[in-house]
There are 2 protein chains.
Amino acid sequence: MFSGLCAFPLTPLHQQNFDEKAFIRILARLTDAGVDSLGILGSTGSYAYLSREQRRRVVQVAKAHAGSIPMMVGVGAIATNEVLRLVEDAQEAGADALLLPMMSYQPLSAEEIFAFYEEVCRHVSVPVCLYDNPRTTHVMLADELQGRIAALPAIASIKIPGLSAPQASERVAALRQHLPSRVTLGVSGDAWATAGLQAGCEAWYSVCGGLFPRCSLALVRAIRSGDVAQTAALNEQLAPLWRCFDRYGGSLRVIASAAAMLGLCDPDSLPRPLLSLGEEACREVASALRGLA
Amino acid sequence: MFSGLCAFPLTPLHQQNFDEKAFIRILARLTDAGVDSLGILGSTGSYAYLSREQRRRVVQVAKAHAGSIPMMVGVGAIATNEVLRLVEDAQEAGADALLLPMMSYQPLSAEEIFAFYEEVCRHVSVPVCLYDNPRTTHVMLADELQGRIAALPAIASIKIPGLSAPQASERVAALRQHLPSRVTLGVSGDAWATAGLQAGCEAWYSVCGGLFPRCSLALVRAIRSGDVAQTAALNEQLAPLWRCFDRYGGSLRVIASAAAMLGLCDPDSLPRPLLSLGEEACREVASALRGLA
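Residues numbered from 1 in each chain as written. Chains lettered and ligands numbered in written order. Predicted model: local features only at pLDDT ≥ 70, side-chain atom pairs only at ≥ 80, totals over all residues. Heavy atoms only, no water.

If you check an unreviewed UniProt entry, chain A appears there as Dihydrodipicolinate synthase from Klebsiella pneumoniae subsp. pneumoniae. Looking at the Sequence similarities (unreviewed entry) heading of the UniProt record, one finds this comment for chain A: "Belongs to the DapA family." (UniProt positions renumbered as here; feature names shortened; annotations may be inferred.)

Trainee: Can you help me understand the UniProt feature "active site" (unreviewed entry) in chain A in this one?
Mentor: According to UniProt, the "active site" (unreviewed entry) feature falls on Tyr131 and Lys159 of chain A. For this annotated set, covering 29 residues, all C-alpha atoms fall within 5.0 Å of each other, a compact arrangement in space. Residue placement: Tyr131 of chain A occurs in strand S7 (residues 128-131). By relative accessible area, which is 4% here, Tyr131 of chain A ends up buried. Residues within four places of Tyr131 of chain A in sequence aside, it is in contact with Ser43, Tyr47, Leu99, Leu100, Pro101, Met102, Tyr117 and Lys159 of chain A together with Tyr105 of chain B. A distance of 2.6 Å separates polar atoms of two side chains, one belonging to Tyr131 of chain A and the other to Ser43 of chain A. (Helix = DSSP H or I, 4+ residues; strand = E, 2+ residues; numbered from the N terminus. Buried < 20%, exposed > 50% of the residue type's maximum accessible area, 1.4 Å probe, protein only. Contact = heavy atoms within 4.5 Å. Polar contact = N/O pair within 3.5 Å; in protein donor to acceptor, adjacent residues only side chain to side chain.)

Trainee: Explanation requested: the sheet that holds S7 of chain A in the structure shown.
Mentor: Backbone hydrogen bonds hold the strands of a sheet together, and the pairing may be parallel or antiparallel. Residues and elements named next belong to chain A. A barrel is described by the order of its strands in space; here eight strands give the closed sequence S1-S4-S5-S6-S7-S8-S9-S10, paired in parallel fashion. In this sheet, adjacent strand axes meet at a mean angle of 25 degrees when their direction is disregarded. When strand S1 (residues 4-7) meets strand S4 (residues 37-40), the two strands line up parallel, connected through two bridges. Residue pairing in the sheet places Ala7 in a bridge with Leu38 of S4. Across the sheet, helix H4 (residues 110-122) is in contact with strand S6 (97-101), S7 and strand S8 (155-160); its angle to S6 comes to roughly 160 degrees. (Pairing = 2+ DSSP bridges. Axes fitted to C-alpha atoms, helices over the stretch in contact; angles between N-to-C directions.)

Trainee: Is there a simple way to explain unusual backbone geometry in this structure?
Mentor: Glycine aside, residues mostly have negative phi, and peptide bonds are mostly found in the trans state. The step from Arg272 of chain A to Pro273 of chain A runs through a cis peptide bond, and the omega angle for that step is 15 degrees. With respect to the helices and strands, the residue Pro273 of chain A is situated in the loop between helix H11 (251-261) and helix H12 (279-289). The phi torsion at Leu41 of chain A lies on the positive side, around 60 degrees, for a residue other than glycine. Among the structural elements, Leu41 of chain A can be located in the loop between S4 and helix H2 (52-65). Although it is not a glycine, Ser46 of chain B adopts a positive phi angle of roughly 55 degrees. Relative to the assigned elements, Ser46 of chain B resides in the loop between strand S4 (37-40) and helix H2 (52-65). For Ser46 of chain B, a relative accessible area of 3% gives the class buried.

Trainee: Explanation requested: the UniProt feature "binding site: pyruvate" (unreviewed entry) in chain A in the structure shown.
Mentor: Residues and elements named next belong to chain A. Per the UniProt record, "binding site: pyruvate" (unreviewed entry) is annotated on Thr44. The topology assignment puts Thr44 in the loop between S4 and H2. Residue classification places Thr44 among the buried residues on the basis of a relative accessible area of 6%. Setting aside anything within four residues of it in sequence, one finds Thr44 in contact with Phe8, Pro9, Leu10, Thr11, Val207 and Leu252.

Trainee: What's the story with the relation of the copies chain B and chain A in this structure? I'm lost.
Mentor: Once chain B is rotated about the relating axis by 180 degrees and shifted along it by 0.0 Å, it coincides with chain A to within an RMSD of 0.0 Å. Such a turn and shift between the copies fits a two-fold axis. Relative to the rotation axis, the closest C-alpha in chain B is found at His138 of chain B, a distance of 3.8 Å. Interface overlap between copies: 100% of the residues of chain B at the interface are likewise at the interface in chain A, consistent with a symmetric, same-surface contact. (Least-squares fit on C-alpha atoms with pLDDT ≥ 70 in both.)

Trainee: Any chance you could explain the layout of surface pockets here in plain terms?
Mentor: Space inside the largest pocket adds up to approximately 880 Å³. Considering the residues around the largest pocket, the lining is formed by 37 residues, among which Glu82 of chain A together with Leu50, Ser51, Arg52 and Glu82 of chain B are closest to the centre. Listing elements by their share of the lining of the largest pocket, those giving two or more residues are H2 and helix H3 (80-92) of chain A together with H2 and helix H3 (80-92) of chain B. A total of five residues in the lining of the largest pocket trace back to one element, the largest contributor, which is H3 of chain A. Split into classes, the residues belonging to the lining of the largest pocket amount to 17 nonpolar, nine polar and 11 charged. (1 Å grid on protein atoms, 1.4 Å probe; cavity = no way out; pocket = protein on both sides within 12 Å on 5 of 7 lines; lining within 4 Å. Points joined across faces, edges and corners; volume = space filled by probe spheres on them. Nonpolar A, V, L, I, M, F, W, Y, C, P; charged D, E, K, R; others polar.)

Trainee: What should I look at first to understand the environment of Ala286 of chain B in this one?
Mentor: Residues and elements named next belong to chain B. For Ala286, the location among the structural elements is in helix H12 (residues 279-289). The partly exposed category is assigned to Ala286, whose relative accessible area is 35%. Sequence separation between Ala286 and Leu262 is 24 residues; the distance between their C-alpha atoms is 9.5 Å.

Trainee: For this particular structure, what's the right way to read the sheet that holds strand S10 (residues 203-206) of chain B?
Mentor: Residues and elements named next belong to chain B. Strand order in the closed barrel made by the eight strands is S1-S4-S5-S6-S7-S8-S9-S10, with parallel pairing throughout. For this sheet the average axis-to-axis angle between neighbouring strands, irrespective of direction, equals 25 degrees. Sheet topology note: the strand S6 (residues 97-101)/strand S7 (residues 128-131) ladder contains four bridges and is parallel. Following the sheet pairing, Leu98 is matched in S7 by Val128. This element, H2, spans S4 and strand S5 (71-74) of the sheet and lies at about 170 degrees to S5.

Trainee: I keep staring at the nonpolar core and nothing clicks. Help me out?
Mentor: Side chains that are nonpolar tend, in soluble globular proteins, to be buried together. Core analysis: the biggest nonpolar cluster contains 246 residues, and Leu241 of chain A together with Leu241 of chain B have the highest contact counts within it. Not counting residues within four places of it along the chain, the set of residues in contact with Leu241 of chain A comprises Cys208, Phe212, Val254, Ala288, Leu289 and Leu292 of chain A. (Core = buried A, V, L, I, M, F, W, Y, C linked by side-chain atoms within 4.5 Å.)

Trainee: Explain the pairing of strand S5 (residues 71-74) of chain A to me, please; I cannot follow it from the model alone.
Mentor: The side chains of a regular strand alternate, residue by residue, between the two faces of the sheet. Residues and elements named next belong to chain A. Residues Met71 and Val73 of S5 are buried on one face, and the alternating residues Met72 and Gly74, pointing to the opposite face, are buried as well. In the sheet, S4 pairs with S5 via three bridges, with the strands oriented parallel. Each residue of the ladder has a partner; that of Ile40, found in S5, is Val73. For the segment spanning S4, H2 and S5, crossover handedness is right-handed. Of the strand pairs in this sheet, S5 and S6 are connected by three bridges, and their pairing is parallel. In the sheet register, Gly74 faces S6, and the bridge partner there is Leu99. (Right-handed = clockwise from strand over helix to strand, strands pointing away.)

Written out as structure tokens, the structure is:
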């Protein structure tokens, strides 16, 4: 399940509570389109803002609606004890894989980071994807440290930050030198999907795919088949959305607005302290959505 | 309670559970010495790593042993809903004030930060200290934004990061321009206490004071009375400890080691993923402790 399009849906809220109906509507778009896998409770799924009880319910609902599509579940938390509780919950609810970031409060040493992954991996019964996302977690993982972690038998993939085109191939090659061959790489940061996949990443861990699975799948297929014209056309179609991500503090608030515009969830579906986009930003998002599916 | 020495004790663990007996031993040092106030569940108190239930118990135990010394309680969390629950718990358990950081996962806008403080302050019944600690929270609070937040009637103080001596007076003066006169400033970052207090901060929000209250109180008094020789002597005595903070990833791991050396808690009292210091670091800490009380 660590290749192709892994779609990361929102966890929409209604008055700050989990909005199950809206979540099911979003999931249906992904299962109907036939994404390769689901990434439940990723950053787009607001894992960091949800209680243990909320997360357990999100995974249960996702499992009930995922059909045969495998499901990876984010289990990040600042305290190791809490991560272990979330691992247990996710596995009990039917997670096929876990997405594991290293969250931080006190700055951490490489030894502490490695010991954390080692301990959690001792307690898992499904494969684990290492989640490298310094923008949100503020943890920098050197390539060598990623290599040490990836040598743990449970590790199956690494979700890496976006790579701009000129450096992407070098970057992927440099990182791969540290990794066992069984460990796949997946690019995140939607605007860099094409560069990442062309540089040899096996997966696209995709926010865009969590709401627009059909164009995202079409993009993966165009890249895979070497269809340069179709790749360029799809990138052009998606570019206004990605410009919104860049302009409005990342993808989450933009995708939440887009989902509301599609009638899938409330206009205010984000967990506080996050606020929904204002009117002007919403107009730009609305215009970026034209033609996306 | 927002002036003088506010002592921030560890929350020691035993096998990853709250070690009540060790916590009571540490508190007794602080009440015996007569610190001006207590800062329970600050960064040194590992608030970010403890569950709601653990934090509630920590505050209850602190209240039972604080005597007449006022007690500020940290209520930080990533989700606003969780902060509101922690506020309720802390107030029910007898907190005299709250210490409120803006924790982040998704990078936040100034509007989101202000709206967060506004919402939480609407729900509090005790004064609030704004906690500015970008090293751990990764939230940068511009002076103007701190001014907007400080204008909320509940805000009584700001815990600011350490200030090096040459810039401290300018820095404090610049920030004060944005603040109502009722709002005090408290310096954190122990190595900068003297510079901060000499620059006019009313409080020292002190890690050092959470384990070595007598030298910390002596330092505050020496600065207040303008005793230059005694200030210099105390700074010299404390300097080796502060060098350890600088060398070993901040104050927390060093103070936890020091507390263990004093027989107050386990050698391994930190919440995972944090690890206790290794042998070599412990030798340096041991040597830094000579003569401290």
